[in-house]
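# Structural features, examined
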Amino acid sequence: MDLHVVVPAGGSGTRLWPLSRATDPKFLHPLTGTERSLLQATYDRLVPLSSADHVHIVTGIAHAAAVARQLPELPERNILVEPLARDSCAAIALAAAVIHKRSPGAVMASFAADHLIKDTAAFAATVREAARGAAEGKLMTIGIAPTRPETGYGYLQCSATAELGVQQQVLEFKEKPDLATATEYVNSGRYLWNASMFVWRTDVFLGELERRRPDVFEPVNKIAQAWDTDERAAVVDELWSTIPKVAVEYAVMEPAAAEGLVSTVPGDFGWSDIGDFETLGELLAADQDGARVVTTPGAGDVVAVDSSDVVAVPAGGRLVATLGVQNLIVVDTPDAVLVCHRDRAQDIKRLTEILRDTGRTAYV
């Protein structure tokens, strides 16, 4: 199958501050257990399903040069640069429209740049099954078989008990639940984590977008028509800022699911979005004297004495020492140090909001 792949590479990973910054977001960091960045690891597992010519990265102006450096084998024309972020629908729609102009009716798949996947063979099999459904005209998602009642993810409600690798209808997209609701979801066997992995034919998706959100479709379509011409810069300057900020789930997938147009393939391939330091510590840290140490290239050393349940990220190249402490996250970078209780890992993004609101944007 002639599969085109889209990788939206945006955001600043605020729950991984100060390791992840607006100018150096988490997808550019080697948080994979190897020297490859999350973006490079995403590319590595997608190329065998497609080809370098059919991989497209959608990213912002601030990150375009770094993306090109990290992926030198990617054709320059396949790096689609947004002048400013307009949420996921605009980014994915731009890629779909550009691909559709170059290869009408192609099957495309969209995967985030900052997810970690351990079982690439199982992932590939799941994508291929989703692509088969997409070729038939379905709007497809890939849902993740839940391993716990997670409150930090949205869910997909399936029409029947989820069976790995088997296409099923999606009845509804569910918002992030509370713990009791998440527990009910997991126990029922009919709910999957929504990892925002989408597969569809470009003509099918763009048709649904035009029908449901012409305010997004019309400017994106005009931009795509000019994308490979000398008029691109002028058209982008004129129209991009007029596109509403909206997630692709809200714009297309949720209302389409309500009409029975969305299906999913449940997958179980060791997926994680590495959304916070708790997850990073669970997946990539090594035990060292009561601390879970996450090492990256150029990392410093850690000495933990009489300490327990500490996640340490010595990314500043210095020695990090803890004495007689418990349940802490300690992150050291060249210009900022974070110390917080592990129960507050999800709240770290509040610090970036405070820094931005008080004018200390150089740290964000």
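Residues numbered from 1 in each chain as written. Predicted model: local features only at pLDDT ≥ 70, side-chain atom pairs only at ≥ 80, totals over all residues. Heavy atoms only, no water.

An unreviewed UniProt entry lists the protein under the name Mannose-1-phosphate guanylyltransferase, with Kibdelosporangium philippinense given as the organism.

## Here's the deal with the UniProt feature "domain: MannoseP isomerase/GMP-like beta-helix" (unreviewed entry) in the protein
Under the feature "domain: MannoseP isomerase/GMP-like beta-helix" (unreviewed entry), the UniProt entry names residues 300-353. Each end of residues 300-353 is marked by a C-alpha atom, and these two atoms are 28 Å apart; helix forms 9% of the span and strand 43%. (UniProt positions renumbered as here; feature names shortened; annotations may be inferred. Helix = DSSP H or I, 4+ residues; strand = E, 2+ residues; numbered from the N terminus.)

## Brief notes about the UniProt feature "domain: Nucleotidyl transferase" (unreviewed entry) in the protein
As annotated by UniProt and renumbered to match this structure, "domain: Nucleotidyl transferase" (unreviewed entry) occupies residues 6-287. Measuring from the first to the last C-alpha atom of residues 6-287 gives 36 Å, for a span that is 40% helix and 21% strand.

## Some thoughts on the pattern of salt bridges
Between side chains of opposite charge, a pair can form when the charged atoms approach closely. What the rule picks out here adds up to 19 salt bridges. Among the ionic pairs, D287 bridges to R292, the shortest N-O distance being 3.1 Å. Classification of D287 as exposed rests on a relative accessible area of 63%. On the basis of relative accessible area, R292 is assigned to the partly exposed category, the value being 22%. Of the charged contacts, one joins D347 and R344 as a salt bridge, the two residues approaching to 2.8 Å between their closest N and O atoms. With relative accessibility at 29%, the residue D347 sits in the partly exposed group. Residues participating in the shared-partner salt-bridge network are E208, R211, R212 and E259. (Salt bridge = Lys/Arg side-chain N within 4 Å of Asp/Glu carboxyl O. Buried < 20%, exposed > 50% of the residue type's maximum accessible area, 1.4 Å probe, protein only.)

## Brief notes about the sheet that holds strand β17 (residues 328-332)
Read from one edge to the other, the open sheet built from five strands follows the order β12-β13-β15-β17-β18, with strand pairing classed as mixed. Both outer strands of the open sheet, β12 (286-288) and β18 (337-341), are each paired with one neighbouring strand and no more. The mean angle between the axes of side-by-side strands here comes to 20 degrees, regardless of whether they run parallel or antiparallel. Pairing of β17 with β18 involves five bridges; the strand directions are antiparallel. Within β18, the residue paired with V331 across the bridge is L338. Sitting on the sheet, helix α10 (residues 277-284) touches β12, β13 (291-293), β15 (310-314), β17 and β18, and the angle it makes with β15 is about 90 degrees. (Pairing = 2+ DSSP bridges. Axes fitted to C-alpha atoms, helices over the stretch in contact; angles between N-to-C directions. Contact = heavy atoms within 4.5 Å.)

## Details of the packing of helix α6 (residues 202-212) against helix α7 (residues 214-226)
For the pair α6 and α7, the least separation of the axes is 6 Å and the interaxial angle reads 125 degrees. Relative to α7, α6 is oriented oblique. For the pair α6 and α7, contact is made by L206, L209, E210, R211 and R212 and by P214, V216 and F217, respectively. In the contact of α6 with α7, the residues fall into five nonpolar, no polar and three charged. (Parallel < 35°, antiparallel > 145°, perpendicular 65-115°, else oblique. Nonpolar A, V, L, I, M, F, W, Y, C, P; charged D, E, K, R; others polar.)

## Things to note about the side chain of N194
Looking at the secondary structure, you find N194 in strand β9 (residues 191-201). Here E249 takes part through its side chain, which lies 3.4 Å from a polar atom of the side chain of N194. Sequence-distant contacts of N194, that is, excluding residues within four places in its chain, are made with G154, Y155, L156, F173 and E249. (Polar contact = N/O pair within 3.5 Å; in protein donor to acceptor, adjacent residues only side chain to side chain.)

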